Amino acid sequence: MKNSNRKESIKMASITLATSVLLLFTLLALQINGVSVYIGAPPVGISHNVISNLLIIVAIASFTHLFKDRVIKAVIIVLAIFFIGIPSLPNLLFEKEYTTFSSPDNQEEFVVVERGYGRLYQLSNLGLYMTYLTDIETDNGYKPFSNGSYKLEWEEPNRLTIQYRFDNISDSLSKDISINYKAK
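The rules behind these values
Residues numbered from 1 in each chain as written. Predicted model: local features only at pLDDT ≥ 70, side-chain atom pairs only at ≥ 80, totals over all residues. Heavy atoms only, no water. Helix = DSSP H or I, 4+ residues; strand = E, 2+ residues; numbered from the N terminus. Buried < 20%, exposed > 50% of the residue type's maximum accessible area, 1.4 Å probe, protein only. Contact = heavy atoms within 4.5 Å. Pairing = 2+ DSSP bridges. Axes fitted to C-alpha atoms, helices over the stretch in contact; angles between N-to-C directions.

## Quick look at the environment of Ser-124
- Looking at where Ser-124 falls in the secondary structure, it is placed in the loop between β4 (118–123) and β5 (129–136).
- Accessibility expressed as a relative area gives 9% for Ser-124, which makes it buried.
- Along the chain, Ser-124 and Leu-79 lie 45 residues apart, while their C-alpha atoms are 35 Å from each other.
- Not counting chain neighbours up to four residues away, the residues in contact with Ser-124 comprise Tyr-129 and Lys-184.

## Describing the sheet that holds strand β6 (residues 150–155)
- A sheet is described by the order of its strands in space; here 3 strands give the open sequence β6-β7-β8, paired in antiparallel fashion. Whereas interior strands pair on both sides, the edge strands pair on one side only; in this sheet they are β6 and β8 (175–180). For this sheet, the mean inter-axis angle between neighbouring strands, taken without regard to orientation, is 15°.
- Sheet topology note: the β6/strand β7 (residues 159–164) ladder contains 6 bridges and is antiparallel. Bridge assignment links Tyr-150 to a residue of β7, and that residue is Tyr-164.

## Some thoughts on unusual backbone geometry
- Glu-156 connects to Pro-157 through a cis peptide bond whose omega is -15°.
- One can find Pro-157 in the loop between β6 and β7.
- Positive phi is not limited to glycine here, since Asn-106 has a value of about 60°.
- Tracing the chain through its elements places Asn-106 in the loop between β2 (97–102) and β3 (109–114).
- Residue Asn-158 is not a glycine yet carries a positive backbone phi of 55°.
- Its location among the elements puts Asn-158 in the loop between β6 and β7.

## As for the sheet that holds β5
- The sheet built from 5 strands is open, its strands ordered β1-β5-β4-β3-β2 with antiparallel pairing. Looking at which strands have only one partner, the edges of the open sheet turn out to be β1 (35–37) and β2. Here the average twist between neighbouring strands, direction ignored, is 30°.
- Where β4 and β5 come together, 6 bridges link them in antiparallel fashion.

This is the structure in structure tokens:
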């Protein structure tokens, strides 16, 4: 009876591990193509990084369940903490600021995520993902969007020009970027 339960437990752990790894590779492929899964609108939603970390934790828990030896399990858990903790450190040390805005017809929504540097994303209709559009370069971690130091110019068809302050010293909107976005 005990051997049968162990076999069933290993089978479930293997299925869970395989599913977690498959989902992690799917998230990686999406991220490489500029799509970040984000369930709910920033900043209150569940971010791509949180989803990835949860899948890594599930994969590690499943993987450790395949072993009986406690030393091997402990080594796997320590390595997991290291590989989850190190990439997550910037998220813990630097506060993110989110600035959202919509196109003039309110059909497209955008978000700028600032954390010492900025990134502009276009949000999906359902709020399940956001597509990377461009980086916002600033000096010394200045956050022009959260400080209200920017101006949007909408051009047809589906073109946005953003003027913003590069640093907290200048008084003018000294930088500008133009991007094309997808109409929904």
